[in-house]
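# Coordinate inspection notes
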Amino acid sequence: MKRSNQRGAPRDKGRDTMSAQSNWQVRRLAGSLGAEITGLDLNEIAAGDEAGIEAVMAQLLEHQVIFFPGQKMDIDSHVALGKRFGRVESHPNLKNPFTQHNEVFELAATQGGVADEWHTDITFEDQPSIMSILHMVTCPEFGGDTMWTNLNQAYQELSPPMQALCDGLTALHDAHPHNREDIMAVHPVVRVHPETGAKALYVNEHFTRRLVEMNATESKVVLDYLTSWVKNPRFTVRYHWTPGTIAIWDNRCTQHFVLNDFEGERIIQRVTVMGDVVEPAQPSPWESWVRPGRLSATTRLDRQLNRYMKNKSAESAES
Ligand SMILES: O=C(O)CCC(=O)C(=O)O
Ligand SMILES: [Fe+2]
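Residues numbered from 1 in each chain as written. Chains lettered and ligands numbered in written order. Predicted model: local features only at pLDDT ≥ 70, side-chain atom pairs only at ≥ 80, totals over all residues.

## Details of the overall build of the protein
Each helix and strand counted, the protein has eight helices and 17 strands in total. Each of the three principal axes of the protein carries a C-alpha extent, and together these read 65 × 45 × 40 Å. In the protein, which comprises 319 residues, the share counted as buried stands at 41%. Taking as baseline every contact in the protein between residues at least 6 positions apart, the subset at least 24 positions apart corresponds to 81%. (Helix = DSSP H or I, 4+ residues; strand = E, 2+ residues; numbered from the N terminus. Buried ≥ 20, exposed ≤ 12 C-beta atoms within 10 Å, placed from the backbone. Contact = placed C-beta atoms within 7 Å.)

## Remarks on the sheet that holds strand E9 (residues 180–188)
If you walk across this open sheet you meet the three strands as E9-E8-E12, and the pairing is antiparallel. Pairing within the sheet leaves two strands with one partner each, and these edge strands are E9 and strand E12 (208–211). Shown here is a sheet whose adjacent strand axes are inclined to one another by a mean of 25 degrees, direction ignored. The pairing of strand E8 (residues 170–175) with E9 spans six bridges and is antiparallel. Its bridge partner lying in E9, His173 is registered against Ala185. (Pairing = 2+ DSSP bridges. Axes fitted to C-alpha atoms, helices over the stretch in contact; angles between N-to-C directions.)

## As for the sheet that holds strand E15 (residues 254–258)
Strand order in this open sheet of three strands is E13-E7-E15, and the pairing throughout is antiparallel. Two strands close off the open sheet at either side, each with one partner strand: strand E13 (236–239) and E15. Ignoring strand direction, the axes of neighbouring strands in this sheet form an average angle of 20 degrees. Inspection of the sheet shows strand E7 (residues 146–150) paired to E15 by five bridges, in the antiparallel sense. Bridge pairing in E15 places Thr149 opposite Gln255.

## Some thoughts on the site of ligand 1
Surveying the vicinity of ligand 1 reveals the residues Leu107, Ala115, Asp121, Ser132, Leu134, Thr146, His256, Val258, Ile268 and Arg270. Secondary structure elements with two or more residues in the shell around ligand 1: strand E6 (131–138), E15 and strand E16 (267–273). Considered class by class, the residues forming the shell around ligand 1 number five nonpolar, three polar and two charged. (Near = placed C-beta within 6 Å. Nonpolar A, V, L, I, M, F, W, Y, C, P; charged D, E, K, R; others polar.)

## Quick look at the pairing of strand E2 (residues 35–38)
Look at any regular strand and the pattern is simple: side chains alternate between the two faces of the sheet. The alternating pattern of E2 places Ala35 and Ile37 on a buried face, while none of Glu36 and Thr38, on the opposite face, is buried. The pairing of strand E1 (residues 25–28) with E2 spans four bridges and is antiparallel. Within E2, the position partnered with Val26 by the bridge is Ile37. Hairpin connection from E1 to E2: six residues lie between these consecutive antiparallel strands, with Gly34 at a positive phi of about 100 degrees. As paired strands, E2 and strand E3 (residues 65–68) are joined by two bridges and run parallel to one another. Within the sheet, the bridge partner assigned to Glu36 lies in E3 and is Phe67.

Right, here's the structure in full:
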């Protein structure tokens, strides 16, 4: 049976998985999520047998974001590690002028690459990313920490009436931060984790634009509330980087945010595992909002949603 708790869910570990991690030291970093793991070489896991990958996945499901300090990974091994978990892809919208590897995405602070708005990666796609694997290549002497928040806990600590409302909603996401408002996807506001069965509050201030079943002003108030609720410090962990650290996070139940409080360069490289299917807590019992009445100045608030709905019905008519 699937189990769910605030921390994600430890899954039953087979004997091989247990022995693969018998020398690991796992140190929890906060009450809500996050653990630092030492005593292993991720290069060996990338090249090794299935038990090592299973063990990493078990730790990820339990802690939602895991950190491996002191690793010495080159790009090939980083990509190989990602491929052990699924299909890897570079960033769909952002150009990557810094590396030759097209599966790797690089962010350099001096080129404007600081992700200082709370988000889950790539939620503007129909099938967003399952997990991200980050290599901290260059980090500042002070500052530049990254925070993660636990979206299972954020959901669980909503009141029952708010949970019931959210369970039946969906939300429109777009790639506006990359100047691509035309790339849109609709996802449930509450999703069910395919492996742990835990429900997560799946809206983020970076990519989520609109609650589909509500009018625009209701949507704004509720979405503002939910996207600020997930930032409750009690749901978070904050990580201070050292060069060479590898972090792996589960995009199905977390958001993250970079503190833009540093000087000089900060470079990260990311391999992104794709192919997520977003399962709702329940099908929405409500129709999508279509603003009744004639066109007016406030019609602009519904224009993007209407465009999305039109595109979708054109697509389904074609197929
Ligand atoms: O720079 C970081 O710590 C995280 C950047 C980020 O948002 C990402 O790689 O998805
Ligand atoms: Fe990100």
